[in-house]
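Below, each chain spelled out in residue letters.
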Amino acid sequence: LPRPTVVPMAAPEVRGIITLRNRAIPVIDLRVLLGMPSLGEDAEKLNALLVQRAGDHRRWLAELEASVKENRPFTLTLDPHQCAFGKWYDAFKPASVVLESHLKRFDHPHKAIHALGRTVEDMVKAGRFDEAHALIEQAHRGTLATLMQLFDETPRILAEMNREMVIVLRNEHCLVSVTADAVESVEAIRPDTV
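First things first, this report covers the structure right here in the doc. Bear in mind the structure is a predicted one, so any value in this text is a computation, not a measurement.

**A few points about the overall build of the protein**
Then, number 1: Along the protein, the regular secondary structure elements total 7 helices and 4 strands.
Then, number 2: The linear arrangement of helices and strands in the protein, starting from the amino end, is β-β-α-α-α-α-α-α-α-β-β.
Then, number 3: The globule rule puts the C-alpha radius of gyration for 194 residues at 16 Å, and the 24 Å found for the protein is more than 25% above it.
Then, number 4: For the protein, the C-alpha atoms occupy an extent of roughly 80 × 35 × 25 Å along the three principal directions.

Below is the structure:
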C-alpha cells in the first residue's frame, strides 16, 4: 500500500487517495468497512499491550528484590501462567507462523523469571540473603535482559509482517482500491456472476 493522501471529512473507511498510472484512486480500508479494527490499530494495540507486559516484569523483579532487602513476603504471582502476560500468552493464537515462532522464544525466559521467585523465596527462608541478592542481580543482566530484548523485537516483527496490500478493482466506469491483509489470487469476475 503506497501512502495515501488523506481526504478531509471522508468516511472512516476511506483511507485517502493514491495515484496509480496518473489516476487518482480512492483507498477503502476493507477491515473498517466490515466493522473490524484496521491493521494499524491492531498492531498498535498489540504493541501497547507488550510494552505494558514488559513493564510488569521489570516491576515484578524489582518487587522481588525489594522483598528480599526488606525481609518481607513476596506477594506477586510465581506462576508464569497467572501473570497478565502469561494469561495473554496462553490464550493468544497468532495467525502468522513468523509471529508464532517469535512468541515461542518468550516461553523459556518468562518461565525462568517466575521460577526465580520460588528459588529466591527458598533462599530467604534459609537465611541466604546474599545469595538471593546475587541471583536477582544475575537475573537483571541475564533472564530479564533476554525477555526485554524479545519484547523490544516484537514491534519490528509486527511491522515487517503487517504489510497491507491494496487491491485495485475496476469496472467499465471506475477504479477503486481496497486494503487487504493478504492477496491469495487475482481473478477476473464476470458481471453475470455477481
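**Quick word on a nonpolar patch on the surface**
Then, number 1: On the surface, a cluster of nonpolar side chains totalling about 370 Å² of accessible area is made up of Leu-30, Leu-33, Leu-34 and Met-36.
Then, number 2: Along the chain, the position of Leu-34 falls in the loop between helix H1 (30-33) and helix H2 (39-69).
Then, number 3: Judged by relative accessible area, Leu-34 falls into the exposed class, the value being 59%.

**Remarks on the packing of helix H5 (residues 107-125) against helix H7 (residues 143-161)**
Any two packed helices are characterised by the angle at which their axes cross and by the distance between the axes.
Then, number 1: Where H5 contacts H7, the axes come no closer than 9 Å and their chain directions differ by 140 degrees. Between H5 and H7, the interaxial angle falls into the category oblique. For the crossing formed where H5 meets H7, the hand is left-handed. Two secondary-structure elements touch here, H5 through Pro-109, His-110, Ala-112 and Ile-113 and H7 through Thr-143, Leu-144, Thr-146, Leu-147 and Leu-150.
Then, number 2: Each residue belonging to the contact of H5 with H7 can be placed in one class, and the counts come to 6 nonpolar, 3 polar and no charged.

**Let's talk about the sheet that holds strand S1 (residues 14-20)**
Then, number 1: Spatial strand order, S1-S2-S4-S3: 4 strands in an open sheet with mixed pairing. Either end of the sheet is taken by a strand with one partner, and the two such strands are S1 and strand S3 (165-170). Ignoring which end each strand starts from, the neighbouring axes of this sheet average 30 degrees apart.

**Some remarks on the nonpolar core**
A general tendency of soluble globular proteins is for nonpolar side chains to be buried together.
Then, number 1: Judged by nonpolar contacts, the single largest core of 29 residues is most densely connected at Leu-61, Leu-64, Phe-85, Phe-106 and Phe-151.
Then, number 2: Where this core is concerned, the elements lending two or more residues are H2, helix H3 (84-91), helix H4 (97-104), H5, helix H6 (129-141) and H7.
Then, number 3: Counting residues per element, this core draws most heavily on H2, which supplies 7 residues.
Then, number 4: If we ignore the near neighbours within four places in the chain, the residues touching Phe-85 are Leu-50, Arg-53, His-57, Phe-106, His-110 and Phe-151.

**Remarks on the pattern of salt bridges**
Once their charged atoms are close, side chains differing in charge can pair, the charge on each being opposite to the other.
Then, number 1: Under the definition given, this model contains 13 salt bridges.
Then, number 2: As a salt-bridge pair, Asp-29 and Arg-15 come within 3.0 Å of each other at their nearest N and O atoms. Residue Asp-29 is located in strand S2 (residues 23-29), and its partner Arg-15 is located in strand S1; the two are separated by 14 residues in the primary sequence.
Then, number 3: Two residues, Glu-164 and Arg-15, come together in a salt bridge whose shortest N-O distance is 2.9 Å. Taken together, the residues span a long stretch of sequence, with Glu-164 in the loop between H7 and S3 and Arg-15 in strand S1 at a distance of 149 residues.
Then, number 4: The class for Glu-164 is buried, based on a relative accessible area of 16%.
Then, number 5: Three or more residues are tied together by salt bridges with common partners; here these are Arg-15, Asp-29 and Glu-164.

What counts, and at which threshold
Residues numbered from 1 in each chain as written. Predicted model: local features only at pLDDT ≥ 70, side-chain atom pairs only at ≥ 80, totals over all residues. Heavy atoms only, no water. Helix = DSSP H or I, 4+ residues; strand = E, 2+ residues; numbered from the N terminus. Rg over C-alpha atoms; globule rule 2.2 N^0.38 Å. Patch = residues over 30% accessible without salt bridge, like charges linked within 9 Å, V, L, I, M, F, W, Y side chains within 5 Å. Areas by Shrake-Rupley, 256 points an atom, 1.4 Å probe, with all protein chains shown as cover. Salt bridge = Lys/Arg side-chain N within 4 Å of Asp/Glu carboxyl O. Buried < 20%, exposed > 50% of the residue type's maximum accessible area, 1.4 Å probe, protein only. Axes fitted to C-alpha atoms, helices over the stretch in contact; angles between N-to-C directions. Parallel < 35°, antiparallel > 145°, perpendicular 65-115°, else oblique. Left-handed = near helix turned anticlockwise from the far one by under 90°. Contact = heavy atoms within 4.5 Å. Nonpolar A, V, L, I, M, F, W, Y, C, P; charged D, E, K, R; others polar. Pairing = 2+ DSSP bridges. Core = buried A, V, L, I, M, F, W, Y, C linked by side-chain atoms within 4.5 Å.

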